[in-house]
Amino acid sequence: MNPLLRALEGIVQIDIGLLPKPLTAEKIRSAIAEQLKNQTFNGKVSADEAEQVARLLEEKHGISMGLGAVVDTKDFEPWLNDAKIKGEIGDFYWGRYRQLLFKKGLPKSVIDATDTVTDKVLDRLGNPRDKSPWSRRGMVVGHVQSGKTANYTGLICKAADAGYRLIVVIAGIHNNLRNQTQARIDEGFIGRDTGRLAHANKAQRQKIIGVGQFDQREFPVSLTNTLRDFNKATATTNTSQISQYNVPVVLVIKKNSSTLKNLLEWLKEHSVHQGTQMVSQPMLLIDDEADNASINTAYARDEVTRINGQIRELLSLFHRSCYVGYTATPFANIFIDPDTDDETLKQDLFPRHFIIGLDAPSNYFGAQKVFLDARERHVRLIDDNEDILPLKHKIDDPIDVLPASLIRAVRAFIVARAIRNTRGQQAAHASMLINASRFTDVQGRLRSRVADVVDRIRDAVAVDGAKGEAALRNPEIAALYAVWEAEFAEAEGTDWPTVQARLHEVLVAAHVVEVNASKRSQPLDYDQAGEHGVTVIAVGGFSLSRGLTLEGLVISYFLRNSIMYDTLMQMGRWFGYRPGYEDLCRIWIPADGVGWYAHIHEAMDELQTQLKRMELAKATPEQFGLAVRSHPESLIVTARNKMGTGREFPMKVGLAGKLVETTRIRTDRDQLDRNRQAGDALAAAVKASGLPPQYHSRGTLFGGVPVDLIRNFLRAFRADASDPLTDPRLMSDYIEARADTELREWDVLFASAQKADATSAELSGIHMRAFGRSVGEPDLRQGVLAISGTSRRVGSPGDERVGLSKEQIDAATSAFREERISGGKPIPETLPPRIFCEVRGRRPLIILRFVEPVAPEELKAKSPDVVLAWSICFPPSEIQGGTVEYIVNTIRMREMFGEEEIEEEALGDTD
């Protein structure tokens, strides 16, 4: 969209915000028609362009956003409303920011929701007019790339209006992310380009941007700028500006011990010179790195502990301070605290005063939409990399050629950019992400090879692109056409001749860059773009995985080890908002990665739901923290993070209402035979008990089976010893505590596939058909059958309904749908297993099934024909909070993750 149309959209956005509800298509078009009479637009905007603006506004105003959930400490006392009534709080900074959000085209419903949510957060910070000492700790849980920066920028504006005079933002561990965050704060809070403040020319130093365009009566003082992190000498030159604290002082710093050390020293020196005036000012610290769910991979463990200690020291310098951590995953280190064994440290940064869950707007392009609801449209599987660029590779591995899937992804990006240009989006940015190695040297070689591909296509289009149909004789242009036909031919408003005509302008602008910590790295400087937006392919690793925003991200190529699944959500830079081009977005990823994303999303969604339930039950942050720490996924995350300690440690594991499956089974023939014998024994004992079989579409069901038969089976069955969730000790201890009550009688399903040609098997005369399941190639080489593929399920969707009545199934389904609708969330096509496991009064369900591994031809000799596997659906529990204590053996966990993986995690991305 060109600048003129953007201006039209912004003005009409404000106009229709004042119209009475409901907002209709006619009202939008009438507002546009009125503005077209204005001299600015009259005769300069065509009917098609006006319709384009109308459709964009229709899309935006169909967007809704919930207000999220709030869990408070019991002694919470609101103060904000009274302060507003008394006129103690202005609206200068928030008013400017609200205008900026309108100008950027955010829907009024989203701006209003942001207004409400930031008020909720502010109300839970300390009242800056309360002169007595106070300290507050809180956390905001959002979604990856869903607008956390915009949210805390709004909070900063409101905190400044309320009287906070020192605001510190910790914005990541890399300069590029800190610089990007500083630019956002410049635009949304300061109103000046801080990168120009050191300019020799005074006019250049005063460049007004963002909120400064609306009101210039005040400008906050920034002790950092877009070019440089905190520096004591630079800060001291601003002493005269901040000595009276007439305007707020803001710093945007890296999460780095040297930076924090300098800041602490400067604050101590400055407070000595200024008396107690500085430390008596109310201070707000926003930690945008609180969403690191594992060891901070850029540093050693002692460095992480040092940083946390410095943050605590920074907070303690001030008589009145607030810490607000922003996280994109409930499995944040602040809850499960994998980085330290220091209980005092854990408690000091724990958000004990409040936890607020942010709802994403309804147009959020997130894991639910990408990996569950619209997987066929957006996801493309990588299956051709192992011989060229294997998941596990070394720093000096050559990159002689690229996988065909990567070349296809590059072509898709070029075509998608051309389509966006035909839609009038040439002024918007377009990016492609390539994250395929943790090594900067490998990233450099990848960048060179990708640049060669782009150069080859550019040359072909320059020579033959203008030849109409004859251009298709050129193999490079024919390859682009083939990608268009397969991926985008059905996209709205596109035909190949129009797309082909745009290829030249796309390729002239396209460039390939590295984004990492090497000297070859180039900044993603979107703000310096001219009339046409940036067209960039970014190759990187860790720098692209933590917080950095790729503007207009259309195509992603992601080839990273799925065992890091607790941080995968952070690596998902493709999540966010894609107005006007969501249909063009594609993600190339291994099948196993799709399964991990879907899996971890369901776990995170479950905890967000639990947060809402805890709000209704008036639970405390400590209770939510316990729920996070006892979630089965926290067991995996915490165990992996503590593997380097080589010690055993206890933790609570919650199994109530959960589904547990044997997704990893060793291929040891003797153990597989013993597992089969255990299944035979269970089947024989169930038949001998006289319980009548129920022949079900999913297999043969027995109800009311005594718990002792289940315990005998689980004691004999062995999966992969490195998977803690299927450890016989964990199962035995959990069941033992409930054997006389909640788990006394079980439903047992001997599952059978419905395909007539499926491999037949039996357990003590009970006939069953095996289920085909994909298994991971690297694991199979190591003697482990690891269920992979896009679902990662041993079982089939809906298995958990077995044993429930129609009324119970309908009630659980209706309750889930109502919960989603009331929370403003879409209803997934496949209902999560937990909603049926959570049905109160149901019996525990164990499902035995034969799995026929689907493996590559060359590995079939390593794979057994069929193996026995199980799934258990545990019902709700009132005993011990539905948890069991489990001793995690970190040495044994190394078997699951491997020595090389531990080393990779300790080193982190070497960028």
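If you're wondering where the values come from, they're calculated on a predicted model, not measured in any experiment.

Student: Which residues make up the overall build of the chain, and what values go with them?
Tutor: Each helix and strand counted, the chain has 33 helices and 27 strands in total. Looking at the chain as a whole, 59% of its 911 residues are labelled buried. Here the analysis covers contacts within the chain between residues at least 6 apart in sequence; of these, 80% occur between residues at least 24 apart. For the chain, the accessible area works out to roughly 36,000 Å², and carbon and sulfur atoms hold 50% of it.

Student: How would you sum up the sheet that holds strand E7 (residues 320-327)? Please name residues and give values.
Tutor: Overall, mixed pairing links the eight strands, which are arranged E1-E8-E2-E7-E6-E3-E5-E4 in an open sheet. The two strands at the open ends of the sheet, each matched to only one other strand, are strand E1 (70-72) and strand E4 (221-222). Note that strand E3 (residues 166-170) and strand E5 (residues 249-253) share five bridges and pair parallel. When the sheet's bridge partners are listed, leucine 166 is paired in E5 with valine 249. Here helix H6 (residues 108-124) sits on the sheet in contact with E1, strand E2 (134-141) and strand E8 (354-357), set at roughly 175° to E8. Along the sheet, helix H8 (residues 175-190) makes contact with E3, E4 and E5, crossing E5 at roughly 160°.

Student: A description of the nonpolar core should follow, citing residues and the corresponding values.
Tutor: Residues Leu125, Phe189, Leu284, Leu285, Ile311 and Leu314 are the most contacted members of the largest nonpolar core, which totals 70 residues. Those residues in contact with leucine 125 that lie beyond four places of it in its chain are Trp79, Arg136, Leu155, Tyr164, Leu284, Cys322, Val324 and Phe354. Core analysis: the next-biggest nonpolar cluster, separate from the first, contains 65 residues, Phe439, Val453, Ile587 and Tyr597 among them.

Student: Give me the lowdown on the side chain of threonine 620, citing residues and values where you can.
Tutor: Within the element layout of this structure, threonine 620 appears in the loop between helix H23 (591-616) and helix H24 (621-630). Filtering out sequence-adjacent residues up to four positions away, threonine 620 remains in contact with Val71, Asp72 and Lys74.

Student: Go over the packing of helix H18 (residues 404-422) against helix H20 (residues 475-488), please, and point to the residues and values.
Tutor: When two helices pack together, their arrangement is given by the angle between their axes and by how far apart the axes lie. Close contact between H18 and H20 brings their axes to 9 Å; oriented N to C, the two are set at 75°. Relative to H20, H18 is oriented roughly perpendicular. On the side of H18, the interface is formed by Arg408, Arg411, Ala412, Val415, Ala416 and Ile419, while H20 contributes Glu476, Ala479, Leu480, Ala482, Val483, Trp484, Ala486, Glu487 and Phe488. Of the residues in the contact of H18 with H20, the class split is 11 nonpolar, no polar and four charged.

Student: Talk me through the state of the cysteines; I want residue IDs and the actual numbers.
Tutor: Enumeration according to the criterion identifies one disulfide in this entry. One disulfide in the model links cysteine 837 with cysteine 873; its S-S distance is 2.2 Å. You can see cysteine 837 sitting in helix H31 (residues 834-837) and its partner cysteine 873 sitting in strand E26 (residues 867-873), a full 36 residues away along the chain. Comparing cysteine 837 with cysteine 873 shows no difference in burial state: the two are buried.

Student: Break down the sheet that holds strand E12 (residues 535-540) for me, with residues and values.
Tutor: Pairing within the open sheet is parallel, and its six strands lie in the order E9-E14-E13-E10-E12-E11. In this open sheet, the two edge strands, each paired with only one partner strand, are strand E9 (379-381) and strand E11 (511-515). Strand-to-strand twist in this sheet, taken as the mean axis angle between neighbours without regard to direction, amounts to 20°. Of the strand pairs in this sheet, E11 and E12 are connected by five bridges, and their pairing is parallel. Residue pairing in the sheet places valine 515 in a bridge with glycine 540 of E12.

Student: Go over H20, please, and point to the residues and values.
Tutor: When the terminal C-alpha atoms of H20 are compared, their 19 Å separation across 14 residues agrees well with the 20 Å that a helix rising 1.5 Å per residue should span. Listing the buried residues of H20 in full gives Glu476, Ile477, Ala479, Leu480, Val483, Trp484, Glu487 and Phe488. Seen end-on, H20 carries its buried residues on one side only, within an arc spanning 155°. In the core, the buried residues of H20 are packed alongside E9, H18, helix H19 (440-464), helix H21 (496-509) and strand E14 (586-589). Residue asparagine 474 occupies the N-cap position of H20, its side-chain oxygen lying 2.9 Å from the main-chain nitrogen of glutamate 476.

Student: Could you give an account of the environment of glycine 210, naming the residues involved and the relevant values?
Tutor: Within the secondary structure, glycine 210 is located in the loop between helix H9 (202-205) and E4. With residues up to four places along the chain from it excluded, the contact list for glycine 210 reads Leu100 and Glu187.

Student: Residue-level account of H18, with values.
Tutor: The terminal C-alpha atoms of H18, which comprises 19 residues, lie 27 Å apart, in line with the 27 Å expected from a rise of 1.5 Å per residue. With 16 of 19 residues buried, H18 is to be regarded as a mostly interior element.

Student: Just give me the short version of unusual backbone geometry, but keep the residues and values in it.
Tutor: Even without being a glycine, serine 764 presents a positive backbone phi close to 50°. Position of serine 764 among the secondary structure elements: in the loop between strand E21 (760-763) and strand E22 (766-769). Residue classification places serine 764 among the partly exposed residues on the basis of a relative accessible area of 25%. We note that glutamine 880 has phi near 55°; this positive angle belongs to a residue other than glycine. Tracing the chain through its elements places glutamine 880 in the loop between E26 and strand E27 (883-889). Note on glutamine 880: relative accessible area 52%, which makes it exposed.

Student: Help me get a handle on the pairing of strand E19 (residues 699-706), residues and values and all.
Tutor: Of all eight residues making up E19, seven are buried, and the element is well covered by its neighbours. Sheet topology places strand E18 (residues 694-696) next to E19; three bridges connect them, and they run antiparallel. Its bridge partner lying in E19, histidine 696 is registered against glycine 699. The turn linking E18 back onto E19 is made up of two residues. As judged from the six bridges shared by E19 and strand E20 (residues 745-751), these two strands associate in the antiparallel manner. Looking across to E20, one finds that glycine 699 is bridged to alanine 751.

Student: An account of the packing of helix H27 (residues 707-716) against helix H28 (residues 728-736) is needed here, citing residue identities and associated values.
Tutor: Between H27 and H28, the least distance of the axes is 10 Å, while the angle of their chain directions is 165°. In this view, H27 runs roughly antiparallel relative to H28, as classed from their interaxial angle. The interaxial crossing formed by H27 with H28 has left-handed handedness. Seen from H27, the contacting residues are Val707, Arg711 and Leu714; seen from H28, they are Pro728, Met731, Ile735 and Glu736. For the contact of H27 with H28, the class distribution of residues is five nonpolar, no polar and two charged.

Student: So what about the pattern of salt bridges? Which residues, and what values?
Tutor: Throughout the structure, instances matching the rule amount to 44 salt bridges. Taking the shortest distance from any N to any O, the salt bridge between glutamate 269 and lysine 232 comes out at 3.9 Å. Highlighted residues: glutamate 269 in helix H12 (residues 257-273) and lysine 232 in helix H10 (residues 232-237), separated in sequence by 37 residues. Among the residues examined, lysine 232 registers a relative accessible area of 25% and is labelled partly exposed.

Student: Can you break down the confidence of the model for the chain residue by residue, with the values?
Tutor: Across the chain, the average pLDDT comes to 83, with 83% of residues at or above 70. Throughout residues 293-300 the model reports pLDDT below 50, and contacts reaching past four residues in sequence, or to other chains, amount to 33 contacts. Overall, residues 336-347 carries pLDDT values under 50, and its contacts beyond four positions in sequence, including any with other chains, amount to 34 contacts.

Student: Could you give an account of the pairing of E2, naming the residues involved and the relevant values?
Tutor: Most of E2 is tucked away: seven of the eight residues are buried. Where E2 and E7 come together, eight bridges link them in parallel fashion. Of the residues in E7, the one forming a bridge with serine 135 is serine 321. Bridging between E2 and E8 involves four bridges; their strand directions are parallel.

Criteria and thresholds
Residues numbered from 1 in each chain as written. Predicted model: local features only at pLDDT ≥ 70, side-chain atom pairs only at ≥ 80, totals over all residues. Heavy atoms only, no water. Helix = DSSP H or I, 4+ residues; strand = E, 2+ residues; numbered from the N terminus. Buried < 20%, exposed > 50% of the residue type's maximum accessible area, 1.4 Å probe, protein only. Contact = heavy atoms within 4.5 Å. Areas by Shrake-Rupley, 256 points an atom, 1.4 Å probe, with all protein chains shown as cover. Pairing = 2+ DSSP bridges. Axes fitted to C-alpha atoms, helices over the stretch in contact; angles between N-to-C directions. Core = buried A, V, L, I, M, F, W, Y, C linked by side-chain atoms within 4.5 Å. Parallel < 35°, antiparallel > 145°, perpendicular 65-115°, else oblique. Nonpolar A, V, L, I, M, F, W, Y, C, P; charged D, E, K, R; others polar. Disulfide = S-S within 2.5 Å. Expected span 1.5 Å × (residues − 1). Arc of directions from axis to C-beta. Polar contact = N/O pair within 3.5 Å; in protein donor to acceptor, adjacent residues only side chain to side chain. Left-handed = near helix turned anticlockwise from the far one by under 90°. Salt bridge = Lys/Arg side-chain N within 4 Å of Asp/Glu carboxyl O. pLDDT = per-residue confidence, 0-100.

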